Amino acid sequence: MPTNPESATVLHALFGGTFDPIHYGHLRPVEALAAEVGLNRVTLLPNHVPPHRPQPEANAQQRLKMVELAIADNPLFAVDDRELHRTTPSYTIETLETIRKERGAAQPLAFIIGQDSLLTLHKWHRWQSLLDVCHLLVLARPGYNDRMDTPELQQWLERHRVTDAPLLSQRPHGHIYLADTPELEISATEIRQRRHQGLNCDDLLPRSVQRYIELQGLYR
Ligand code: ATP
């Protein structure tokens, strides 16, 4: 697909996750990140979870519906459900390579991850190739320090890290940016556990998603 010269200077970001369910720990830090680095669109990419991994409690269609409900009134967000249509496992790098081809070589593109994911990034398939396709924007997450699992990952971070956000829109890929986003101590695991125990989740995720969870009888 040819690149639109105007869009080539606008940073587009993608945010992958299982979203079982989506919650404010995903939404609020990404909204803050958008203001911090100047994003006008963040596309959520719900993951296809391969059969040999622990399965989400909600099925793919329910996870997609919860994402759609959570972003319905917020023009910052869009959803791309391509991974959910796959019958075979897809690695993040492969999805990002496909999106890079669609957007053209000049489009600044970023992939958002939480601090916990950064610490174990070296376990991802072809992790070092991620920066050939996109920038990495890292959300702060409480309970996770800056210590990488391996020196290799630490050195890679130091080599590619930038602190100057405007650079991210000037180059199509290749940098890592650690964002100064609010730390929200919320996880999908906690929400599922609270639901299992019959506890209230009011401040943890949007009302529309909570209503859907109730209606579908999820996380009982
Ligand atoms: P689970 O508890 O089931 O592992 P999760 O809450 O970590 O789920 P995921 O869908 O696995 O949510 O996460 C998608 C992405 O969002 C990951 O990169 C993760 O690091 C990030 N993320 C999730 N919760 C937070 C949070 N509270 N703050 C910052 N980043 C987060």
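Before reading further, recall that the structure is shown in the block above.
Residues numbered from 1 in each chain as written. Predicted model: local features only at pLDDT ≥ 70, side-chain atom pairs only at ≥ 80, totals over all residues. Heavy atoms only, no water.

How should I be thinking about helix H8 (residues 188-196) in this particular structure?
Since the α-helix turns once every 3.6 residues, residues separated by three or four places project in the same direction. Burial in H8 covers these residues: Ala188, Ile191, Arg192 and Arg195. Buried residues of H8, seen end-on, are gathered within an arc of 95° and therefore sit on one face of the element. Looking at the buried side of H8, the elements it contacts are helix H9 (207-216). The positive-phi residue at the C-terminal boundary of H8 is Gly198, with phi of around 75°. (Buried < 20%, exposed > 50% of the residue type's maximum accessible area, 1.4 Å probe, protein only. Helix = DSSP H or I, 4+ residues; strand = E, 2+ residues; numbered from the N terminus. Arc of directions from axis to C-beta. Contact = heavy atoms within 4.5 Å.)

Can you walk me through the site of the ligand in this structure?
With respect to spatial proximity, 21 residues lie near the ligand, and among them His23, Asp116, Ile186, Ala188 and Thr189 are the closest. For the ligand, the protein covers 86% of the area, taking 600 Å² as the surface of the free molecule. A majority-of-atoms criterion places the ligand in the largest pocket. For the shell around the ligand, the secondary-structure elements that each account for two or more residues are strand S1 (12-17), helix H1 (24-37), strand S4 (109-114), helix H4 (115-119) and H8. Tallied by class, residues from the shell around the ligand come to eight nonpolar, 10 polar and three charged. (Near = heavy atom within 4 Å. Areas by Shrake-Rupley, 256 points an atom, 1.4 Å probe, with all protein chains shown as cover. 1 Å grid on protein atoms, 1.4 Å probe; cavity = no way out; pocket = protein on both sides within 12 Å on 5 of 7 lines; lining within 4 Å. Sits in = over half its atoms within 2 Å of the grid points. Nonpolar A, V, L, I, M, F, W, Y, C, P; charged D, E, K, R; others polar.)

Teacher, can you tell me more about the sheet that holds strand S5 (residues 135-139) here?
Paired through backbone hydrogen bonds, the strands of a sheet run either parallel or antiparallel to each other. An order of S3-S2-S1-S4-S5-S6 is seen for the six strands of this open sheet, with the pairing classed as parallel. If you trace the sheet from one side to the other, it starts and ends with strand S3 (77-79) and strand S6 (176-178), each paired once. The sheet shows a mean angle of 25° between the axes of neighbouring strands, taken without regard to direction. Relative to S4, helix H3 (residues 92-103) is tilted by about 155°, and along the sheet it contacts S1, strand S2 (42-46) and S4. (Pairing = 2+ DSSP bridges. Axes fitted to C-alpha atoms, helices over the stretch in contact; angles between N-to-C directions.)

Just checking my understanding: could you explain the packing of helix H2 (residues 60-71) against H9 for this structure?
Axes are the key here: two packed helices are described by the angle between their axes and the distance separating the axes. The contact between H2 and H9 brings their axes to 8 Å, and the two run at 150°. On the basis of the axis angle, H2 is roughly antiparallel to H9. Considering how the two elements wind past one another, H2 and H9 form a crossing that is right-handed. Here H2 contributes Gln62, Lys65, Met66, Leu69 and Ala70 to the contact with H9, which in turn contributes Ser208, Val209, Tyr212, Ile213 and Gln216. Tallied by class, the residues present in the contact of H2 with H9 amount to six nonpolar, three polar and one charged. (Parallel < 35°, antiparallel > 145°, perpendicular 65-115°, else oblique. Left-handed = near helix turned anticlockwise from the far one by under 90°.)

Help me understand H2 in this model?
Its 12 residues place the ends of H2 17 Å apart at the C-alpha level, agreeing with the 16 Å of an ideal helix rising 1.5 Å per residue. For H2, the complete set of buried residues consists of Gln62, Arg63, Leu64, Met66, Val67, Ala70 and Ile71. Turning to H2, the residues buried within the fold contact H1, S2, S3 and H9. Among the residues of H2, the N-terminal cap falls to Asn59, whose side-chain oxygen and the backbone nitrogen of Gln61 are separated by 3.1 Å. (Expected span 1.5 Å × (residues − 1). Polar contact = N/O pair within 3.5 Å; in protein donor to acceptor, adjacent residues only side chain to side chain.)

Teacher, can you tell me more about the pairing of S5 here?
In regular strands, side chains alternate between the two faces of the sheet. Of all five residues in S5, five are buried; the element is thus mostly enclosed. Side chains of S5 alternate between two faces, with His135, Leu137 and Leu139 and Leu136 and Val138 buried alike. As paired strands, S4 and S5 are joined by five bridges and run parallel to one another. Note that in S5 the partner of Ile113 across the bridge is Val138.

I keep staring at the packing of aromatic side chains and nothing clicks. Help me out?
For any pair of aromatic rings, the description rests on two quantities: the centre-to-centre distance and the angle between the ring planes. A full pass over the atoms with the stated rule returns three aromatic pairs. With 5.8 Å between their ring centres and 70° between their planes, Phe15 and Phe19 make a pair best called edge-to-face. Grouping residues by exposure puts Phe15 and Phe19 together as buried. Seen from their ring centres, Phe111 and Trp124 are 6.4 Å apart, and the 75° between their planes marks the pair as edge-to-face. Of the two residues, Phe111 sits in strand S4 while Trp124 sits in the loop between H4 and helix H5 (130-133), which places them 13 residues apart along the sequence. (Phe/Tyr/Trp six-rings, centres within 6.5 Å; stacked < 30°, edge-to-face > 60°.)

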